Every structure is written in structure tokens, then in C-alpha cells.
Amino acid sequence: MTPEQHRGLHHLSWPEAKRAAARDSSTVVVPWGSLEQHGPHLPLGTDGLFAEQVLLQVLQALPAQLPIWSLPLQSLGFAPEHKGFGVSFTQPAEALLAQVEAIAEPLAQAGFQRLVLFNGHGGQISLLDAAARQVHGRHPQLGLHAWFLWDVEGVMDLVPDPERGEGLHAGLAETSLMLHVAPELVQLQHAVAEPPPTPPPGLTLEGRCPSAWTTGALSRSGTVGAPHGATASLGAALHQKLVQGWTATFTALLRSSWPPRGSLEFSDRV
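Every value quoted in this text rests on a predicted model; they were computed, and no experiment measured them.

Engineer: So what exactly am I meant to see when it comes to the sheet that holds strand β2 (residues 68–70) here?
Structural biologist: Think of a sheet as strands paired side by side through backbone hydrogen bonds, with each pair either parallel or antiparallel. Strand order across the open sheet formed by four strands is β2-β1-β3-β4, with parallel pairing between neighbours. Each having just a single partner strand, β2 and β4 (143–148) make up the two edges of the open sheet. Adjacent strand axes in the sheet meet at a mean angle of 20 degrees when their direction is disregarded. As paired elements, strand β1 (residues 27–32) and strand β3 (residues 114–119) share six bridges and run parallel to each other. The residue bridging T27 from the neighbouring strand is R114, located in β3.

Shown next, in the form of C-alpha cells:
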């Protein structure tokens, strides 16, 4: 059995999966992406490819004795902002919520202690967080975590300004990372630079004080940022930072009892 198969919950028989669930700190990770346009130069499956590939490297880096397994990539995400650019898929918010529940319920019943939603698509960060909270309310013994691939301290420090703030989609960072992990899928000759409009002071498209937006209101090509200047070497540095950061985070999680689970007894009497 290869290291990838060893960590794949779907490669185990049901008795093996049941024994895995019974281990202390048992954790299952689901890489989550989206099938959406990424400008004229990157593939539709960019977000999922990144989440899946980084997670694979992290799982290989973790000590073999740690009780963590993965499920296959969930490719269909929530991406209504990309409608109108050829073939971009999205599912309704309620469908994604139901999808998380469908994954979590059998894991909770089997006795797994944690589920991590390892998300590569920025447009569904809040929705997966809401899904995690809702599902945890139904299965309080199952710890839920919704983590965003790019949320690693220092990773965006590798990207120069102004692209660090303006490269929201298919820009320098994503293009460089793809040049590192799957250069055959990059068509730089078709890349277009379209930085987003500058919001009023104190307001942002993403991050603090975010706005709802559609890609078509920001870009003709589907790119929001400037992919020109992307290099495989920058992609390698981003990849190394992502793998190192998530390896440390998963290690800390698996060696802890976090998060608090279950229900504390309480009294409604004053």
C-alpha cells in the first residue's frame, strides 16, 4: 500500500475504517475545491488541484503513527460570482450545506473525532464555516474545522505589492503555484492582466470590510490581478510555505484534544 493509499479512508475496508475511527484523536480531512473559470490561462479545477496536492504533501510529511485519513476531493463548490465565463460550475448554498452533513454524519456515527474541510476556494470560506458550525451543532462529538488553503502566516509576504492585495483570482500567486505543481496546465501566452478597481478608503473586496462581487463586474477575462511575471520558483516557495505551515498545524491538532466537544451540563436556574 502506497503512502497515499495508507492515508486514504476510501482505501480501507469498513472494519479497518471502524478501527481507525476508534483511535484517539482520529481525524478525517476532505480537500474541497471548485470548478470555475480561472482566466484564459489556468484550468477550471485550479482550487481543488491546489488543495488536493498540498494536502497530499502534508499527509506524507506527517509521522505515520498520527491518526489522520483523507477522503477524495470534493470538486463542486459554491462559486456564483464566476457565472458568465464559459463553463463555471456552482451549487446552491443549501446543497453545499447538505453535502457537508452527508459527509459528517457517517463519520460521527462511526466514532471519528474530527472532520477538517480543507478548502482551496476563497468564495466559499464563509459558507464552509457556517456548514461546520451547523453540522457540529447536530453532531457535538465531532470536532469540525473549516480551513482555507492560503491562510498560512507569511505565505502572501512572498508576493510583491501591489499584487499581494490586488491578485484576487488567477493572478501572480495562483499562476506561479500552478507553474510549480502542474506547469503543463498553464497557458501563459493567453494570460491577461486586469487589476481590480480601488475601493474607497476602509473598504475592501475581500478581507476586512468585504463586499459581495461578481467577476464580470471586475474583469472581462476572468482574471482579477496580474499573472504576468509568474515563475515556477515563486510557486515552489509558495508551495513550501503552504506545506510547512499546514504540516505544523495538523501536527498540533492531532497531538491535542482540541476542539472542546460534547455538551456541558448546565442549569437554567439563577
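Engineer: Sorry, what's going on with the layout of surface pockets here?
Structural biologist: In this approach, a probe sized like a water molecule rolls over the atoms, and the result shows the empty space that is left. Space inside the largest pocket adds up to approximately 970 Å³. Along the wall of the largest pocket there are 32 residues; nearest its centre are G122, G123, I125, E206 and W213. Listing elements by their share of the lining of the largest pocket, those giving two or more residues are α5 (125–138), α6 (163–166) and α7 (172–181). The dominant element in the lining of the largest pocket, judged by the number of residues it contributes, is α5, at three residues. Class assignment for the residues of the lining of the largest pocket results in 13 nonpolar, 13 polar and six charged.

Engineer: Would you take a moment to explain helix α2 (residues 14–22) for this structure?
Structural biologist: An α-helical segment advances 3.6 residues per turn. Residues three or four places apart therefore align on the same side. Regarding α2, the residues found buried are A17, A20 and A21. Buried residues in α2, looked at end-on, bunch into an arc of 100 degrees, giving them a common side. The outward face of α2, more than 90 degrees from its buried face, is lined by the exposed residues R19 and A22. Of the surrounding elements, those touching the buried residues of α2 are β2 and α4 (93–110).

Engineer: For this particular structure, what's the right way to read the packing of α7 against helix α9 (residues 232–254)?
Structural biologist: Two elements in contact, α7 and α9, have axes whose closest approach is 7 Å; the angle formed by their N-to-C orientations is 90 degrees. Judged by the angle between their axes, α7 and α9 are roughly perpendicular. Taken together, the residues of α9 that come into contact with α7 (itself represented by L172, A173, S176, L177, L179, H180 and V181) are A232, L234, G235, A236, L238, H239 and L242. Of the residues that constitute the contact of α7 with α9, the class distribution is ten nonpolar, four polar and no charged.

Engineer: Explain the packing of aromatic side chains here, please?
Structural biologist: Describing an aromatic ring pair means giving the distance of the ring centres and the angle of the ring planes. Overall, the coordinates contain seven aromatic pairs when judged by the stated rule. Where F118 meets W246, the ring centres are 5.3 Å apart and the plane angle is 85 degrees; that geometry is what we call edge-to-face. With a gap of 128 residues between them, F118 in strand β3 and W246 in helix α9 connect regions that are remote in the sequence. Aromatic pair W147 and F250: ring centres 5.1 Å apart, planes at 65 degrees, arrangement edge-to-face. With W147 in strand β4 and F250 in helix α9, the pair connects residues that are 103 residues apart, well separated along the chain. Residue W147 is classed as buried on the basis of its relative accessible area, which comes to 16%. Classification of F250 by relative accessible area gives buried; the value is 0%.

Engineer: Any chance you could explain a nonpolar patch on the surface here in plain terms?
Structural biologist: Residues L44, L76, V87 and F89 make up a contiguous nonpolar surface patch of about 320 Å² in total accessible area. With respect to the secondary-structure elements, L44 resides in the loop between β1 and α3 (46–61). Residue L44 is classed as partly exposed on the basis of its relative accessible area, which comes to 32%.

Engineer: So what exactly am I meant to see when it comes to the nonpolar core here?
Structural biologist: The tendency in soluble globular proteins is for nonpolar side chains to be buried as a group. In terms of nonpolar packing, the biggest core is built from 36 residues, with V54, L62, F118, W150, L242, W246 and F250 touching the most fellow members. Elements represented by at least two residues in this core include exactly α3, β3, α7 and α9. For this core, the element with the most residues is α9, which contributes eight residues. Contact partners of W150, with chain neighbours within four places excluded, come to F50, V155, M156, A173, E174, L177, L238 and L242. Core analysis: the next-biggest nonpolar cluster, separate from the first, contains 26 residues, V30, L97, F112 and L128 among them.

Engineer: Would you take a moment to explain unusual backbone geometry for this structure?
Structural biologist: Put simply, D161 and P162 share a cis peptide bond, and its omega is 0 degrees. Its location among the elements puts P162 in the loop between β4 and α6. Here the bond from W258 into P259 is cis, since omega is 0 degrees, no more than 30 degrees from zero. Considering the arrangement of structural elements, one finds P259 in the segment after α9. Positive phi, close to 75 degrees, is recorded for S25, a residue that is not glycine.

Procedures and definitions
Residues numbered from 1 in each chain as written. Predicted model: local features only at pLDDT ≥ 70, side-chain atom pairs only at ≥ 80, totals over all residues. Heavy atoms only, no water. Pairing = 2+ DSSP bridges. Helix = DSSP H or I, 4+ residues; strand = E, 2+ residues; numbered from the N terminus. Axes fitted to C-alpha atoms, helices over the stretch in contact; angles between N-to-C directions. 1 Å grid on protein atoms, 1.4 Å probe; cavity = no way out; pocket = protein on both sides within 12 Å on 5 of 7 lines; lining within 4 Å. Points joined across faces, edges and corners; volume = space filled by probe spheres on them. Nonpolar A, V, L, I, M, F, W, Y, C, P; charged D, E, K, R; others polar. Buried < 20%, exposed > 50% of the residue type's maximum accessible area, 1.4 Å probe, protein only. Arc of directions from axis to C-beta. Contact = heavy atoms within 4.5 Å. Parallel < 35°, antiparallel > 145°, perpendicular 65-115°, else oblique. Phe/Tyr/Trp six-rings, centres within 6.5 Å; stacked < 30°, edge-to-face > 60°. Patch = residues over 30% accessible without salt bridge, like charges linked within 9 Å, V, L, I, M, F, W, Y side chains within 5 Å. Areas by Shrake-Rupley, 256 points an atom, 1.4 Å probe, with all protein chains shown as cover. Salt bridge = Lys/Arg side-chain N within 4 Å of Asp/Glu carboxyl O. Core = buried A, V, L, I, M, F, W, Y, C linked by side-chain atoms within 4.5 Å.

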